[in-house]
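Topology and contacts: notes
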Amino acid sequence: MALEISPVEKGETVRFKNPSKRFYDAIGGEEGMRKLMYNFYDKIYESDIAHFFPQDEEEFEKVKVKNSKFFIQICGGPKVYEDEAKGMDLNEYMIRLHDEFSINEKARVEWLGTMRDALDEVEGVDEAIKKEFWDYLDQFSKLTVNTFSDGSTYYASYTQAKNEE
């Protein structure tokens, strides 16, 4: 099953669904999610977007821990990201967190391509369940793009991205 990357259009209304708990359960809960995310971030460290992340290994390890917690919680696991989100909706918090970076479509495609590589290495998870997780990543990641090829910037509003369950 192909995990396609859809293009971003500045100002588009982005619709997405949070990943179902099926992915979290199928990947092996917290341990499986950490394994996926650590593998992904090890790949990111070697990617063209490594400069977005701390180059100090100890600091980068903290990013892996923190971001794994986000994905554990957004996929229906325990509420382990509450302190970081400070009571804000997790998706809205993640969008605003990315506002401080100049993220263009090329960086988004690199991020998604790296995640696709990590997902390809996950065994024992039904492809349809992986696809549900992918669809969230593909759509939600559009909301983090804020720098466009015409030189303009645009910061997505969370009101454009209601979770349709």
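Preceding this section is the structure that the text describes.
Here the structure is a predicted model, which means the values were calculated and not measured.

Calculation notes
- Residues numbered from 1 in each chain as written.
- Predicted model: local features only at pLDDT ≥ 70, side-chain atom pairs only at ≥ 80, totals over all residues.
- Heavy atoms only, no water.
- 1 Å grid on protein atoms, 1.4 Å probe; cavity = no way out; pocket = protein on both sides within 12 Å on 5 of 7 lines; lining within 4 Å.
- Points joined across faces, edges and corners; volume = space filled by probe spheres on them.
- Nonpolar A, V, L, I, M, F, W, Y, C, P; charged D, E, K, R; others polar.
- Helix = DSSP H or I, 4+ residues; strand = E, 2+ residues; numbered from the N terminus.
- Core = buried A, V, L, I, M, F, W, Y, C linked by side-chain atoms within 4.5 Å.
- Buried < 20%, exposed > 50% of the residue type's maximum accessible area, 1.4 Å probe, protein only.
- Contact = heavy atoms within 4.5 Å.
- Salt bridge = Lys/Arg side-chain N within 4 Å of Asp/Glu carboxyl O.
- Phe/Tyr/Trp six-rings, centres within 6.5 Å; stacked < 30°, edge-to-face > 60°.

So, about empty space enclosed by the protein. Per the stated rule, a full pass over the model turns up 1 cavity of 30 Å³ or more. As a volume, the largest cavity reaches approximately 60 Å³. Every residue lining the largest cavity is listed: Val 8, Glu 9, Lys 10, Gly 11, Glu 12, Val 14, Lys 142, Leu 143, Val 145, Phe 148, Tyr 154 and Ala 156. Class assignment of the residues belonging to the lining of the largest cavity gives a composition of 7 nonpolar, 1 polar and 4 charged.

Here the focus is the layout of surface pockets. Roughly 580 Å³ of internal volume is contained in the largest pocket. Lining the largest pocket are 24 residues, and of these Tyr 41, Phe 53, Asn 67, His 98 and Trp 111 lie nearest its centre. Among the secondary structure elements, those contributing two or more residues to the lining of the largest pocket are α3 (57-74), α5 (90-98), α6 (105-120) and α7 (127-141). In terms of residue count, the dominant contributor to the lining of the largest pocket is α3 (5 residues). In terms of residue class, the lining of the largest pocket is made up of 18 nonpolar, 4 polar and 2 charged.

Turning next to unusual backbone geometry. In the Ramachandran plot, Lys 86 falls in the positive-phi region, its phi being about 55° despite a non-glycine side chain. Residue position: Lys 86 is located in the loop between α4 (82-85) and α5.

Let us look at the nonpolar core. Grouped together as the largest cluster of nonpolar side chains are 48 residues, with contacts concentrated most on Phe 23, Met 33, Leu 36, Phe 71, Trp 111 and Met 115. Listing elements by their share of this core, those giving two or more residues are α1 (21-27), α2 (29-44), α3, α5, α6 and α7. The contacts of Phe 71, once residues within four sequence positions are left out, are Met 33, Met 37, Trp 111, Phe 133, Tyr 136 and Leu 137.

Here the focus is the pattern of salt bridges. Taken as a whole, this structure holds 15 salt bridges when the rule is applied. Glu 12 is the partner of Lys 142 in a salt bridge, and the nearest nitrogen-oxygen pair spans 3.7 Å. Of this pair, Lys 142 sits in the segment after α7 while Glu 12 sits in the segment before α1, and the two are 130 residues apart along the sequence. What makes Glu 12 partly exposed here is its relative accessible area of 21%. Arg 108 serves as the salt-bridge partner of Asp 138, at 2.9 Å between the closest nitrogen and oxygen. Of this pair, Asp 138 sits in helix α7 while Arg 108 sits in helix α6, and the two are 30 residues apart along the sequence. Taking the relative accessible area as the measure of exposure, Asp 138 reaches 6% and is therefore buried.

A separate point is the packing of aromatic side chains. Overall, the coordinates contain 15 aromatic pairs when judged by the stated rule. Measuring from ring centre to ring centre gives 5.8 Å for Tyr 41 and Phe 53, while their planes differ by 70°; the resulting arrangement is edge-to-face. A residue pair is termed long-range when its members are at least 10 positions apart, and Tyr 41 in helix α2 and Phe 53 in the loop between α2 and α3 qualify at 12 residues. The pair Tyr 41 / Phe 53 is uniform in exposure class, with both members buried.

Let us look at the environment of Lys 130. By the element assignment, Lys 130 lies in helix α7. On the basis of relative accessibility, which here comes to 4%, the residue Lys 130 falls in the buried class. Counting along the chain gives 10 residues from Lys 130 to Asp 120, while the straight-line C-alpha distance between them is 9.3 Å. What Lys 130 contacts, discounting residues up to four positions off in sequence, is Phe 23, Leu 119, Asp 120, Val 122 and Val 125.

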